[in-house]
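A structural walkthrough
Read off the chains here:
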Amino acid sequence: MSNPILSDWDTPFQIAPFDAISDEDFAPALDLALAAHRDEIAAITQNPEPPTFANTIEALEAAGKALDKVLSVFFTVAGADSNPERQELQRDFSPRLAAHYSEISANTALFARVADLWARRNALGLTPEQTRVLMLTHRGFVRAGAALRGEAAERMKQIKARLATLGTAFTQNLLADERDWTMPLSEADLEGLPDFVIRAARTAGEDQGADGPIVTLSRSLIVPFLQFSPRRDLREKAWRAWAARGANGGETDNRAIAAEILALREERAKLLGYDSFAAYKLETEMAKTPGAVKDLLMQVWEPAKAQAEADAKVLTAMMQEDGVNGDLEPWDWRYYAEKRRKAEHDLDEAALKPYLQLDRMIEAVFSCAHRLFGLEFAPLDVALYHPDCRAWEVTRDGKHVGVFIGDYFARGSKRSGAWCSAMRGQARFPEPQAPVVINVCNFAKGDPALLSYDDARTLFHEFGHALHQLLSDVTYESISGTSVARDFVELPSQLYEHWLEVPEVLAEFATHVETGAPMPEAMRDKLLKAANFDMGFQTVEYVASALVDLAFHEGAAPADPMAKQAEVLAEIGMPHAIGMRHATPQFAHVFSGDGYSSGYYSYMWSEVMDADAFAAFEEAGGAFDPDRAQALERHILSAGGSQEPEALYTAFRGRLPGVEALLKGRGLAA
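Presented here is an overview of the structure given in this document. Model, not experiment: these values are computed from the prediction.

**Here we look at the overall build of the protein**
When helices and strands are tallied, the protein shows 27 helices and 7 strands. Taking 2.2 N^0.38 as the reference for a compact globule, 670 residues should give roughly 26 Å; the C-alpha atoms of the protein span a radius of gyration of 25 Å, in line with that estimate. Projected onto its principal axes, the C-alpha coordinates of the protein cover approximately 80 × 60 × 55 Å. When burial is assessed residue by residue, the protein has 58% of its 670 residues classed as buried. Across the protein, the fraction of contacts at a sequence separation of at least 24, relative to all contacts at a separation of at least 6, is 74%. Accessible area for the protein stands at about 26600 Å²; split by element, carbon and sulfur atoms hold 50% of it. Each charge sign in the protein was given a centre, from 66 positive and 99 negative side chains, and these centres are 3 Å apart.

Okay, structure coming up:
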């Protein structure tokens, strides 16, 4: 019997046949796919013909398609719908995959073919895109350690395998802590909570088989609880559990894992001749150096901290008016900030939320994509990996563009956060293939589901990533879609958030869940005027995390990351009542893999560009200016990694931006 993962997928648009795939299929499929990929690599390496772009670089691009199928399906379900069997498979797969790719990058004969082509690149008659792919391939081999020999090469393999194991453990420990903690709420504990929080707590209790409503560590539930619960004791209990994820002692404690990861990263960088892991990692980013990153972050830190400290005084006074003496604490900030927002902006999230229905916001996301880029979305009736998932065919002018899948609700089997991934990237080689893209979120389930304004922004953000994948138009998958520098990848996503704030979008799609009436104009105006409310808090919690990430990687690896974290926060004067957005033991961006290590700053780096890029629309014909939309697609969304990001952005805007647009956009400009 053939393995359903590796068979030809006779499904609409060759979407993975999730209903035919069982957990027992993954391990044998991986064995077969790894063997097939090794054979393909051997055929390239042993080719008696002199290396050419076709028989080496294009052959590498065409290799590993079976492995791509296996991994796209497995890592989709492992992240969004995990179970003990999949967790065990992930622990087994991670070091095997690391060893497999290390074997390829350490293949001296293969690297010799690539290096030969790189040395002769100017005489090969390559297109600009081919030259780019050759450069990235050569650079990737070098940065992976292909030029290392002997003990150094062997040690690099060991480091990569161990890092893969540790990253998987970090992720699974965090998932376990988030899944296993709950706080039961009595009927009396619900007093003062808005209906939408009560419904979310009851739904969470039902989902977990509890006797009544509960608070979980899902951000979509715990944050509104901290915003609205008048019970300071319960807020403290919830916040402490939230802050302690990954640091509770026992088998799921991530602190020692973080320390080992940092030490191994430093060793890896030094094997390759770099002074630090940050110097290694940032070499290929727009920022280039740790100094440039720190300069940006500190330009933002000082005004953000000043704003947060001024806000803290106001919130402390409000707390004392309630008869609570002592210092403002982290479990107090959101509660009093929400009361202040209601008082100063006459904006009550409990009144706002009925206007932000998930289904209507999805319609808004699609409508903006249609007005900007001509995309159409038609629901698909296909088997997916979870009943909560939905799928749409994406077309333009009647032609198939790709498939978009949305998985929106929080559940215990899903890791926290929100993300976009491509089960298949766009490419024209070795044969045309259309993208299959997934957005995964963690919104509170409801009937119907209602979003906070921050949730709605997340929905637009992740769909911005999806557009980067769907509108990709390159030849080679290795430079398709979001295959760009880490500090450029957030530009399309953060830019797309701006369309949520366009008044005509809210006027059309922010309609009341019961009456269908549009959001009152006065409420909409208050919402937009309050867009920068509490921005000192939001910026401080983010920048503190980015500075700690940079400090971990720009010098010697700290033996005690928690002590280093405390040292950095003390140096910058972290306000007492604000916690890091991601403290070390739960900093999955940085420790679940290398993706955002030394790179958490990239959201801020991209925001410098997204504020400036949306200004280009405003300076032209408005948010839906067709010429600007066409330029955005041509120079950024369709281009993938086909050029350096500086060149792509300059082609779109005519220049690179400064930090001023960001500070103005956040309301932090002097």
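**Looking at helix H2 (residues 53-62)**
Taking burial as the measure, the 10 residues of H2 include 7 buried ones, the bulk of the element. Turning to H2, its buried residues number three or more, namely Phe53, Asn55, Thr56, Ile57, Glu58, Leu60 and Glu61. Elements that come into contact with the buried residues of H2 comprise helix H1 (26-45), helix H3 (65-80), helix H5 (108-119) and helix H6 (128-144). Positive backbone phi, at 80 degrees, marks glycine 64, one or two positions downstream of H2.

**Some details on the nonpolar core**
Core analysis: the biggest nonpolar cluster contains 132 residues, and Trp333, Phe463, Tyr496 and Trp499 have the highest contact counts within it. Setting aside anything within four residues of it in sequence, one finds tryptophan 333 in contact with Ala308, Asp311, Ala312, Leu315, Leu328, Asp534, Phe537, Ala577 and Ile578. Grouped together as the second largest cluster of nonpolar side chains are 34 residues, Leu67, Ala391, Ile438 and Val440 included.

**Things to note about the sheet that holds strand S6 (residues 419-424)**
Pairing within the open sheet is mixed, and its 5 strands lie in the order S3-S4-S5-S7-S6. Single-partner strands in this sheet number two, and they are strand S3 (375-380) and S6. Averaged over all pairs of adjacent strands, the angle between strand axes in this sheet comes to 25 degrees, irrespective of strand direction. On the sheet, helix H17 (residues 453-470) packs against S3, strand S4 (390-396), strand S5 (399-409), S6 and strand S7 (436-443) and is oriented at approximately 170 degrees with respect to S7.

Calculation criteria
Residues numbered from 1 in each chain as written. Predicted model: local features only at pLDDT ≥ 70, side-chain atom pairs only at ≥ 80, totals over all residues. Heavy atoms only, no water. Helix = DSSP H or I, 4+ residues; strand = E, 2+ residues; numbered from the N terminus. Rg over C-alpha atoms; globule rule 2.2 N^0.38 Å. Buried < 20%, exposed > 50% of the residue type's maximum accessible area, 1.4 Å probe, protein only. Contact = heavy atoms within 4.5 Å. Areas by Shrake-Rupley, 256 points an atom, 1.4 Å probe, with all protein chains shown as cover. Lys, Arg positive; Asp, Glu negative; His and termini not counted. Charge placed at Lys NZ, Arg CZ, Asp CG, Glu CD. Core = buried A, V, L, I, M, F, W, Y, C linked by side-chain atoms within 4.5 Å. Pairing = 2+ DSSP bridges. Axes fitted to C-alpha atoms, helices over the stretch in contact; angles between N-to-C directions.

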